[in-house]
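Spelled out from the first residue to the last, the chains are:
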Protein chains: 2
Amino acid sequence: MNAFLCKLDFNRKHPLYLQLYSFLVQEIKSGNLKVDERLPSKKAVCAHLGISQSTVETAYDMLSAEGYIRSIPRSGYYVCQLERLEPSEPSLSPPTALIKAPEPPYRFYFSTSAVDIKAFPYASWAKLHKEVMYQNPELLQRGDAQGDDCLRESLCKFLREYRGVHCNPDQIVVGAGMEYLLDLVLQLLDQDAVFALENPGYDTTYHIIRNNGRSVVDIPLDRDGMSITHLAQSGATVAYVTPSHQFPMGITMPIGRRTQLLKWANESPNRYIIEDDYDSEFRFNIRPIPAMQGLSLHSKVIYVGTFSRSIAPSIRVAYLVLPPALLQRYLEKFTFSSSTVSRFEQYTLCRFLERGLFSRHLNRVGNLYKQRKDHVIKQLEKAFGNQIAIQGDNAGLHFLIQIKNGMEESELVRRALEQGVKINGISRYFRGDVKQCPSSTLVLGYAGLCQQELSDAVCLLKKAWN
Amino acid sequence: MNAFLCKLDFNRKHPLYLQLYSFLVQEIKSGNLKVDERLPSKKAVCAHLGISQSTVETAYDMLSAEGYIRSIPRSGYYVCQLERLEPSEPSLSPPTALIKAPEPPYRFYFSTSAVDIKAFPYASWAKLHKEVMYQNPELLQRGDAQGDDCLRESLCKFLREYRGVHCNPDQIVVGAGMEYLLDLVLQLLDQDAVFALENPGYDTTYHIIRNNGRSVVDIPLDRDGMSITHLAQSGATVAYVTPSHQFPMGITMPIGRRTQLLKWANESPNRYIIEDDYDSEFRFNIRPIPAMQGLSLHSKVIYVGTFSRSIAPSIRVAYLVLPPALLQRYLEKFTFSSSTVSRFEQYTLCRFLERGLFSRHLNRVGNLYKQRKDHVIKQLEKAFGNQIAIQGDNAGLHFLIQIKNGMEESELVRRALEQGVKINGISRYFRGDVKQCPSSTLVLGYAGLCQQELSDAVCLLKKAWN
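Here is a short report on the structure shown in this document. (Residues numbered from 1 in each chain as written. Chains lettered and ligands numbered in written order. Predicted model: local features only at pLDDT ≥ 70, side-chain atom pairs only at ≥ 80, totals over all residues. Heavy atoms only, no water.)

**Quick notes on unusual backbone geometry**
P200 of chain A follows N199 of chain A through a cis peptide bond whose omega is 5 degrees. As for its position among the elements, P200 of chain A is in the loop between strand 5 (194-199) and helix 7 (203-211). For the peptide bond that leads from F247 of chain A to P248 of chain A, omega is 0 degrees, which places it in the cis range. Following the sequence through the fold, P248 of chain A ends up in the loop between strand 8 (238-241) and helix 9 (255-266). Its identity is not glycine, yet D36 of chain A carries a phi of approximately 70 degrees, on the positive side. According to the relative accessible area criterion, D36 of chain A is partly exposed, its value standing at 46%. Phi at S440 of chain B is positive, roughly 50 degrees, even though this residue is not glycine. Looking at the secondary structure, you find S440 of chain B in the loop between strand 15 (424-425) and strand 16 (441-445). (Helix = DSSP H or I, 4+ residues; strand = E, 2+ residues; numbered from the N terminus. Buried < 20%, exposed > 50% of the residue type's maximum accessible area, 1.4 Å probe, protein only.)

In structure tokens, the structure reads:
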């Protein structure tokens with residue numbers, strides 16, 4: 001009778017019942033205690049090991065709760081049948097193939113998503129956040145799944161004034177980033193919806209839709225943006241567009257094309273337009289063009305925006321404005337859901353908007369980015385003269401450069417990296433026959449680099465490409 | 001020539017170019033300016049209206065950028081063709097059907113997801129958060145998509161010590177809530193995966209999977225949890241289980257069933273188990289049973305946990321532990337993604353874990369909740385004697401009560417609500433033939449109510465059910 005062989009250490013900090021429990025688990029796993037074998041009675045164990053009955057009881061209860069033994073009333077405890085586990089992978093570390101390949105080092109990155117976080121009024125933000133934390137401990141409780149009312153109201157006001165978006169706060173869903181909200185939109189649209197994407201266009205959107213197992217058709221662009229002719233022939237039901245500043249081409253979709261698109265959407269009840277207004281806050285030579293959403297009397301356009309560029313990349317607050325039919329579906333399908341954004345952050349952002357700090361910040365960074373853009377364009381023109389053509393620089397935080405020195409895109413990218421400058425080629429955003437992609441063209445995001453860095457980076461590009 | 005009829009107000013704050021622009025937009029929209037009509041030359045407008053040439057130029061550039069007019073070199077500006085927009089919905093407010101139905105009022109809610117936020121060491125949390133904000137402004141920059149390294153390391157340590165989870169930090173994905181992470185898991189599994197759900201079980205999981213258009217089969221429970229016989233016959237490829245404390249039945253899955261489940265999963269490479277360890281931190285009469293993940297040498301179990309119960313509902317931090325094959329898929333499919341959790345909150349949580357504040361908090365609330373549970377059970381037994389049967393109270397923040405006074409579940413729920421007590425019937429978590437659902441059984445979550453409130457609520461239940 002094995003239990004009697006158990007050596008208890010009365011001096012160890014480990015409680016006696018756990019020592020007994022662990023011993024018995026080992027005995028059962030190793031087969032020393034056989035299936036259906038009866039364990040010694042609690043009394044017998046107490047007497048033999050010199051421990052209290054409650055110690056033995058606790059150990060037996062644990063074994064019983066975990067299914068190692070079962071109790072048969074008025075008979076005793078018996079060992080249960082355990083399935084043998086096949087040994088699976090021996091190692092605890094993931095295979096080496098999983099380790100993310102390190103990026104080659106670079107000094108400067110013309111990233112299209114970088115912004116200057118030093119320009120953000122961080123001290124005011126931190127102070128507001130502290131205020132909210134100390135004044136509102138009740139925000140630990142669950143909030144509204146669509147986002148707290150106060151934030152949706154300030155957002156609504158902001159979107160009306162700055163972007164001509166017509167909505168009421170009920171139509172807004174606040175979420176932790178564009179990617180999350182796009183996932184959500186996909187769940188609101190029919191399972192057999194076919195998504196028309198701009199080509200070239202945002203690679204992220206493409207991956208999100210494909211990861212969800214949905215169908216995508218690529219629609220070429222003309223100089224006004226997504227081609228209506230191709231869209232009409234594509235069989236698509238949902239068009240995803242970036243009309244304020246097409247990514248990456250930088251086209252501002254003219255009013256004519258906007259109305260054509262809306263007309264297309266109005267032709268069938270299940271057609272929608274997703275308007276991604278990702279960097280509409282930044283316009284330089286032209287007045288901000290109101291969002292398409294406002295043209296549609298909000299019935300066909302799903303509007304998406306984010307604070308990742310206008311505040312900082314780690315501020316994971318984005319927002320959807322849903323048309324009524326989809327809002328209805330959201331309320332039916334997502335009764336269970338909880339907001340993905342910290343309520344403390346929601347309240348901080350709300351105060352930041354309400355106290356005018358956000359508008360002031362936008363004005364200030366707008367000027368800053370305009371200076372940077374003008375500066376880098378001047379440097380590029382000085383360095384490359386008529387070997388360079390610039391496009392899409394009326395708005396947003398990136399523009400295109402085409403280099404006419406006979407090098408292909410991949411060579412331009414490679415040589416730049418050799419000099420320590422990372423810059424993406426446009427083909428990264430293009431799907432299909434690469435011959436139809438603009439040649440020797442790169443996408444230059446400038447907002448994350450200061451004037452000195454921009455000058456230095458252009459000097460390196462000059463070395464790389466001459 | 002219409003432009004000459006424009007009345008400019010030189011005293012208004014509204015800039016002159018915007019007045020001219022707005023006037024011309026109206027003229028084009030109303031048809032006063034016809035398609036292909038030539039606009040007056042800039043010089044002519046200047047002279048006529050007495051404004052500078054740059055004012056006119058700006059207005060014309062805006063109209064041109066927005067697609068209202070086009071410029072033909074050496075000829076002039078012409079009005080473009082605009083599509084007429086069909087008027088869509090007339091009202092800006094969503095239909096009344098959309099307004100969420102108000103809940104009937106109640107005094108007490110035996111909610112299964114409520115916790116006592118007063119027991120949370122909020123002051124320490126707020127102080128840590130302030131520290132992080134003031135010391136780490138660089139956290140405004142984009143962080144790791146899987147969550148910051150420091151948090152994943154502390155989580156890994158915590159999960160190993162407290163839950164017997166074997167992983168390394170690379171396998172962890174931090175995300176804004178369980179629902180978000182389940183969406184993500186669905187995208188990592190095959191599109192034709194069939195999900196076996198516990199029945200009765202979490203309604204939220206069911207909705208998430210169905211909203212994603214995936215297939216679900218309901219598997220009945222026996223006294224050890226999900227029935228293996230039914231699972232094996234169901235054609236399911238992924239089993240979603242809550243082995244620590246089945247929701248809502250409160251069953252702790254014994255080791256025998258766990259090994260059977262793992263054996264089932266090992267039979268085919270595309271089979272997986274999702275282990276939802278939602279309230280494993282709270283166990284009362286029995287030792288915490290290690291997670292299944294640890295039994296599987298991490299190759300078949302996708303482990304999911306959350307801080308919504310152990311800290312507070314609004315702390316939107318949950319975590320996945322991915323098996324290597326799915327981690328590989330994640331790294332391939334989600335190269336673009338950004339973390340959904342604020343980095344400031346990630347760092348705060350990391351310090352909270354590392355400084356031992358979380359363990360201390362768990363011990364303290366564990367004792368508090370045990371007292372509450374013992375208290376409410378005592379009150380219930382005093383009030384209902386042998387008319388009540390209690391089940392599933394060894395662990396977690398809820399248990400089941402069955403009332404044997406001849407009333408059906410719906411009547412019990414309704415009468416309780418009439419007395420101001422909200423409590424959910426088990427059928428809410430059951431799909432299929434309601435006759436197979438335990439009769440007259442309610443799910444009582446107690447953690448959000450203090451002893452006095454629990455006593456008062458039980459008094460009201462006594463009135464309701466006697």
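**A look at the packing of helix 1 (residues 16-30) of chain A against helix 3 (residues 53-65) of chain A**
Residue and element names in this part refer to chain A. Two elements in contact, helix 1 and helix 3, have axes whose closest approach is 8 Å; the angle formed by their N-to-C orientations is 45 degrees. Viewed along their axes, helix 1 and helix 3 adopt a mutual orientation that is oblique. Crossing of helix 1 over helix 3 shows right-handed handedness. Together, L16, Y17, L18, L20, Y21, L24 and V25 of helix 1 and T55, V56, T58, A59, Y60, M62 and L63 of helix 3 make up the contact between the two elements. Counted by class, the contact of helix 1 with helix 3 contains 12 nonpolar, two polar and no charged residues. (Axes fitted to C-alpha atoms, helices over the stretch in contact; angles between N-to-C directions. Parallel < 35°, antiparallel > 145°, perpendicular 65-115°, else oblique. Left-handed = near helix turned anticlockwise from the far one by under 90°. Contact = heavy atoms within 4.5 Å. Nonpolar A, V, L, I, M, F, W, Y, C, P; charged D, E, K, R; others polar.)

**As for helix 2 (residues 42-49) of chain A**
All names here are of chain A. Every buried residue belonging to helix 2 is among K42, V45, C46 and L49, and all of these are buried. Viewed end-on, helix 2 has its buried residues packed into an arc of 100 degrees, placing them on one side of the element. Across helix 2 from its buried face, at more than 90 degrees, point the exposed residues K43 and A47. Here the buried face of helix 2 lies against helix 1, helix 3 and strand 2 (76-79). Backbone geometry just after helix 2 places G50 at a positive phi near 70 degrees. (Arc of directions from axis to C-beta.)

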